[in-house]
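Residues per chain are reported as follows:
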Number of protein chains: 2
Amino acid sequence: MPRQGLSKEVVVKEAALLVEETGCKNLTLHKLADRLNIKTASLYTHISGIEELYVLLSNLALKQLGAAVSNAVKEKKRGEAIRAISVAYRNYAKRNPEMYHMIMKVPHSHSEQLVNAGKNVKAILFELLSQYTADQAKVICFSRYYHSILHGFISLEQAGFFDDAISVDESLSNIVDNFIEQLESSLSN
Amino acid sequence: MPRQGLSKEVVVKEAALLVEETGCKNLTLHKLADRLNIKTASLYTHISGIEELYVLLSNLALKQLGAAVSNAVKEKKRGEAIRAISVAYRNYAKRNPEMYHMIMKVPHSHSEQLVNAGKNVKAILFELLSQYTADQAKVICFSRYYHSILHGFISLEQAGFFDDAISVDESLSNIVDNFIEQLESSLSN
DNA sequence: ATTATATCCTAACACAGTTAGGTAATCAAT
DNA sequence: ATTGATTACCTAACTGTGTTAGGATATAAT
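What you see is a predicted model, and the numbers here were worked out from it, not measured in a lab.

**Things to note about the overall build of chain A**
Each helix and strand counted, chain A has 8 helices and 0 strands in total. In chain A, the succession of α and β elements from N to C terminus is α-α-α-α-α-α-α-α. Across its three principal directions, the C-alpha atoms of chain A cover 70 × 40 × 30 Å. Looking at chain A as a whole, 38% of its 189 residues are labelled buried.

Here's what the structure looks like:
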């Protein structure tokens, strides 16, 4: 039988496609193996089990999200950058809802790798908000603030909490504008 | 054999205890049946399957959370009420992390019941924020804002995103204070 | 060419959710 | 109190999922 020489990367990449197509709840090693034209047990050559696959997928999603956010913030400053991030962050979650969901599936304490991928996203926010003040404690606080807004909003939206008549897009835009206003008035002096 | 006459309520209540004790990831019908001194298949007399159990647990968690929040807001107004809610909301999530996690496990569109339980929590926020303006669109927007902050913060905290040196409690307190300030300055005129 | 390594396989197991069909405890009606 | 209907619970079996053990063979190294 011809061997195709799979790698961990290829397996995770295919798993990511499968997750996005069929939902992270429907990811099974059997379906994944099928798509890779191997048998289920053969996956264990590349991964230690489904738990590691979850971690790898979460890590991939965080890297993709980090890249999208990092790309959005380029050359931009303060309010403009913050608005760009909110759009990029939400777009990633909208276009890859299942992968975004994956990020929260595994506690980050379970993996050094995950903690680092999380730090990457956080570092972008930290650097941006450092433009407002030199007080690092305040920057951390506002980073958490902004991160909470973005993640909370997207998460509640995807869970189906925002069923009211008024526009969800407009809401987020208003919220981010308010947040920026708050930043300006409380830090720029 | 003596029959104990279980009910859906008792089953869900026991499942909630099991979830909180062993983690929502480790909930199985077998373990649940064991605790109720019946066989796994007998659970199907009371629930249609594990999917319904998830919905019922999510619904219970939302009701518990709603009760905690509703209780916190009593007799209080504006800023004081908002601060009280943030404490109550976070306390619920801290003391019942697994049940809080349950809320997000099932898309709310899957169940009328869940949508209503969600509306209950939202209604409390809506009523409170109505104290700031008569503009209902703005109230909805700020409700989403506040809800996003609370859920996002708690969710990120539990996932392990907040590993920095500075205090998590203090962060949330500052964030909520900032939010209140923003409310005052943008709506009270 | 021979050896070694690593990829993939078959076969089997444990355990989870689910269904079908049966038994017996409970309840309602006479 | 006896009957009949209901229903709580059971046993047994099936499917699907994750996992391990051990074997075969393609690839790489010598």
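**Section: the protein's contact with DNA strand D**
Near DNA strand D you find 22 residues, and of these A:A41, A:G49, B:I38, B:A41 and B:S42 are the closest. Sorting the residues of the surface near DNA strand D by element identifies α2 (29-35) and α3 (50-73) of chain A as the ones contributing at least two each. Of the residues contributing to the surface near DNA strand D, the split by class is 10 nonpolar, 8 polar and 4 charged.

**Section: the protein's contact with DNA strand C**
Taken together, 22 residues lie around DNA strand C, and A:I38, A:A41, B:L29, B:A41 and B:G49 are the ones closest in. Counting only elements with at least two residues in the surface near DNA strand C, the list comes to α2 (29-35) and α3 (50-73) of chain B.

**Re the relation of the copies chain B and chain A**
It takes a turn of 180° to lay chain B on chain A, together with a shift of 0.0 Å along the axis; the resulting RMSD is 0.0 Å. The transformation relating the two chain copies, once decomposed into turn and shift, fits a two-fold axis. Among all residues of chain B, the minimum C-alpha distance to the rotation axis is found for B:G152, at 1.8 Å.

**Examining the packing of helix α4 (residues 78-95) of chain B against helix α8 (residues 168-187) of chain B**
Residue and element names in this part refer to chain B. One can describe the packing of α4 onto α8 by two numbers: an axis separation of 10 Å at closest approach and a directional angle of 150°. Considering the relative orientation of α4 and α8, their crossing is right-handed. Judged by residue contacts, G79, I82, R83, S86 and R90 of α4 engage L172, V176 and I180 from α8. The residue inventory of the contact of α4 with α8, partitioned by class, reads 4 nonpolar, 2 polar and 2 charged.

**Notes on helix α6 (residues 112-129) of chain B**
The end-to-end C-alpha separation of α6(B) is 25 Å, in line with the 26 Å expected for 18 residues at 1.5 Å each. Of all the residues in α6(B), the buried ones are B:L114, B:A117, B:G118, B:V121, B:K122, B:L125, B:L128 and B:L129.

**Details of the interface of chain B and chain A**
Counting residues at the interface gives 33 residues for chain B and 33 residues for chain A. Sorting the residues of the side of chain B that touches chain A by element identifies α6, α7 (136-159) and α8 of chain B as the ones contributing at least two each. In terms of residue count, α7(B) provides more of the side of chain B that touches chain A than any other element does, 14 residues in total. Looking at the side of chain B that touches chain A residue by residue, the classes come out as 15 nonpolar, 14 polar and 4 charged.

**Regarding the packing of helix α8 (residues 168-187) of chain A against α8(B)**
Close contact between α8(A) and α8(B) brings their axes to 10 Å; oriented N to C, the two are set at 100°. For the element pair α8(A) / α8(B), the angle class is roughly perpendicular. Contact with α8(A), carried on its side by A:N178, A:Q182 and A:S186, involves B:N178, B:Q182 and B:S186 of α8(B) and no other residues of that element. Partitioning the contact of α8(A) with α8(B) into residue classes produces no nonpolar, 6 polar and no charged.

**What about the domain arrangement of chain A?**
Residues and elements named next belong to chain A. Segmenting chain A into domains produces domain 1 (1-47) and domain 2 (57-187). Placing the centre of domain 1 and that of domain 2 at their C-alpha centroids yields a distance of 30 Å. Contacts between domain 1 and domain 2 engage 7 residues on the former and 8 residues on the latter.

**Here's the deal with α4(B)**
Residue and element names in this part refer to chain B. Between the first and last C-alpha of α4 there are 26 Å, a value that for 18 residues agrees with the 26 Å anticipated at 1.5 Å per step. By the burial criterion, the buried members of α4 are A81, I82, I85, S86, Y89, Y92 and A93. The buried residues of α4 all sit within an arc of 140° when viewed along its axis, so they share a single face. Residues of α4 that are exposed and point over 90 degrees away from its buried face: E80, N91, K94 and R95. Tucked inside the fold, the buried residues of α4 contact α3, α5 (97-103), α6, α7 and α8.

**Focus on the environment of A:E181**
Following the sequence through the fold, A:E181 ends up in helix α8. In sequence terms A:E181 and A:G79 are 102 residues apart; their C-alpha atoms lie 8.6 Å from each other.

**Thoughts on the environment of A:V139**
Here A:V139 is to be found in helix α7 (residues 136-159). C-alpha separation for the pair A:V139 and A:L128, spaced 11 residues apart in sequence, amounts to 9.1 Å.

Rules and cut-offs
Residues numbered from 1 in each chain as written. Chains lettered and ligands numbered in written order. Predicted model: local features only at pLDDT ≥ 70, side-chain atom pairs only at ≥ 80, totals over all residues. Helix = DSSP H or I, 4+ residues; strand = E, 2+ residues; numbered from the N terminus. Buried ≥ 20, exposed ≤ 12 C-beta atoms within 10 Å, placed from the backbone. Near = placed C-beta within 6 Å. Nonpolar A, V, L, I, M, F, W, Y, C, P; charged D, E, K, R; others polar. Least-squares fit on C-alpha atoms with pLDDT ≥ 70 in both. Axes fitted to C-alpha atoms, helices over the stretch in contact; angles between N-to-C directions. Left-handed = near helix turned anticlockwise from the far one by under 90°. Contact = placed C-beta atoms within 7 Å. Expected span 1.5 Å × (residues − 1). Parallel < 35°, antiparallel > 145°, perpendicular 65-115°, else oblique. Domains from an automatic or database assignment. Arc of directions from axis to C-beta.

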